[in-house]
Amino acid sequence: MRIDKFLSENGIASRKEAGRAARAGQIIVNGKVEKDTAKHISPETDEIYYMGQLITHTPFLYIMLNKPEGYVSATEDGHFPVVVELLDTALQSRHLFPCGRLDKDTTGLMLLTNDGQLSHLLLSPRRHVEKRYRFTCAEPLRADAEQIFSEGLTLKDGDVLLPSTLYPTPDRMGGEICLKEGKYHQIKRMLGAIGNRIVTLERISFGPLSADPALGRGQWRYLTDEEVSALRQAVDA
Ligand code: URA
């Protein structure tokens, strides 16, 4: 692995910062000053000092979870089980947190990570990272629902929503909806605003990340390198 990749993956320095430190003679590999951050090292066996500090290999983790109903999107809660409890106990000490929130009764795709910077970028309202949900509702969707959502709705409490896209099922008892933001209870409030009510809600994608159909409710897996790169690209990180 390249030295600069090793340092950024472990949350120590960006590639630029690593380059600067290397030129200043502040990167030592196995006792020797290394000025070229493109050089490859072996993270498990080489000894790397950055600015005088020994760096141990604890890279960021990126996990896709299929959230079941009844779990709170948090690291702890006084009353209900939380999504991080669904991970192996060995991972409990890795400071993983959910990237964004789903309501307790919402299911589907959740990203869990300990990469605060990437999470912050993915959730930034300015980035407009798209989230797609599948839902069912209590009443047939009114005929002009697509138009109302596409124009950007203002809710009763004055909250102004960005335009969103609705893809109803043929019977209009549900469908899919794409949001470019993630406000509190957003879809439930949107359906309420058009005289309807959400019955079930499931997230099926988050930016370039699609829910893995092989994961049952409560199951999780690590993201592939390609999926992590796609997330980074989506926010120019
Ligand atoms: N909108 C909601 O109302 N709830 C969610 O969990 C996600 C989006």
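Residues numbered from 1 in each chain as written. Predicted model: local features only at pLDDT ≥ 70, side-chain atom pairs only at ≥ 80, totals over all residues. Heavy atoms only, no water.

**Here's the deal with the site of the ligand**
Here is step 1: Lining the immediate surroundings of the ligand are Leu 102, Asp 103, Thr 106, Tyr 133, His 185, Gln 186, Ile 187, Lys 188 and Leu 201.
Here is step 2: The backbone of Ile 187 places a nitrogen or oxygen atom 3.1 Å from a nitrogen atom of the ligand.
Here is step 3: In the model, an oxygen atom of the ligand is placed 3.0 Å from a nitrogen or oxygen of the Lys 188 main chain.
Here is step 4: Contact with the protein chains hides 96% of the accessible area of the ligand, taken as 240 Å² for the molecule alone.
Here is step 5: If you map the ligand onto the pockets, it falls in the second largest pocket.
Here is step 6: For the shell around the ligand, the element with the most residues is helix H5 (residues 186–193), which contributes 3 residues. (Near = heavy atom within 4 Å. Polar contact = N/O pair within 3.5 Å; in protein donor to acceptor, adjacent residues only side chain to side chain. Areas by Shrake-Rupley, 256 points an atom, 1.4 Å probe, with all protein chains shown as cover. 1 Å grid on protein atoms, 1.4 Å probe; cavity = no way out; pocket = protein on both sides within 12 Å on 5 of 7 lines; lining within 4 Å. Sits in = over half its atoms within 2 Å of the grid points. Helix = DSSP H or I, 4+ residues; strand = E, 2+ residues; numbered from the N terminus.)

**Points about the environment of Asp 212**
Here is step 1: Mapped onto the fold, Asp 212 is located in the loop between strand S12 (209–210) and strand S13 (220–222).
Here is step 2: Between the C-alpha atoms of Asp 212 and Thr 45, which are 167 residues apart in sequence, the distance is 34 Å.
Here is step 3: Once you skip the residues sitting within four places of it in the chain, Asp 212 turns out to touch Met 64 and Arg 221.
Here is step 4: A polar atom in the side chain of Asp 212 sits 2.8 Å from the backbone nitrogen of Ala 214. (Contact = heavy atoms within 4.5 Å.)

**As for the domain arrangement of the chain**
Accessible area lost upon the coming together of the parts is a frequently used measure of interface size.
Here is step 1: What the domain assignment reports for the chain is domain 1 (3–55), domain 2 (62–125 + 207–234) and domain 3 (131–206).
Here is step 2: Using C-alpha coordinates to define each centre, domain 1 is positioned 48 Å away from domain 3. (Domains from an automatic or database assignment.)

**Observations regarding H5**
Here is step 1: Of the positions making up H5, those classed as buried are Gln 186, Ile 187, Met 190 and Leu 191. Each buried residue of H5 lies within a common arc of 130 degrees when the element is viewed along its axis, so the set occupies one face.
Here is step 2: Those residues of H5 that are buried are in contact with strand S8 (131–137), helix H4 (145–151), strand S10 (174–179) and strand S11 (198–206).
Here is step 3: Following H5 by one or two positions, Gly 195 has its phi on the positive side, about 70 degrees. (Buried < 20%, exposed > 50% of the residue type's maximum accessible area, 1.4 Å probe, protein only. Arc of directions from axis to C-beta.)

**Regarding the pairing of strand S7 (residues 107–113)**
Every regular strand shows the same layout, with side chains that alternate between the two sheet faces.
Here is step 1: Among the 7 residues of S7, 7 are classified as buried, and the element is accordingly described as predominantly covered.
Here is step 2: Here 6 bridges tie strand S5 (residues 62–67) to S7, and the two strands are oriented antiparallel to one another. Following the sheet pairing, Met 64 is matched in S7 by Leu 111.
Here is step 3: As paired strands, strand S6 (residues 97–98) and S7 are joined by 2 bridges and run antiparallel to one another. Looking at S7, one finds that Phe 97 is bridged to Thr 113.
Here is step 4: Direction of pairing for S7 relative to S11: parallel, over a ladder of 2 bridges. Bridging across to S11, Gly 108 finds its partner in Arg 203. (Pairing = 2+ DSSP bridges.)

**Examining the nonpolar core**
Here is step 1: With 35 residues, the main nonpolar core has Phe 135, Leu 141, Phe 149, Ile 177, Ile 187 and Leu 191 as its most contacted residues.
Here is step 2: Mapped onto the domain boundaries, this core takes at least three residues apiece from domain 2 (62–125 + 207–234) and domain 3 (131–206).
Here is step 3: Ignoring sequence-local partners within four residues, the contact set of Ile 187 consists of Tyr 133, Ile 177, Leu 179, Ile 198 and Leu 201.
Here is step 4: Counting 16 residues, the second largest nonpolar core, distinct from the first, contains Tyr 62, Met 64, Leu 111 and Leu 223. (Core = buried A, V, L, I, M, F, W, Y, C linked by side-chain atoms within 4.5 Å.)

**With respect to the pattern of salt bridges**
Here is step 1: Scanning the entire structure with this criterion turns up 18 salt bridges.
Here is step 2: The partner of Lys 5 in a salt bridge is Glu 9, and the shortest N-O contact between them spans 3.1 Å. Here Lys 5 and its partner Glu 9 are both found in helix H1 (residues 3–9), 4 residues apart, which amounts to about one turn of the helix.
Here is step 3: Classification of Lys 5 by relative accessible area gives partly exposed; the value is 32%.
Here is step 4: Look at Glu 9 and you get partly exposed, because its relative accessible area is 25%. (Salt bridge = Lys/Arg side-chain N within 4 Å of Asp/Glu carboxyl O.)

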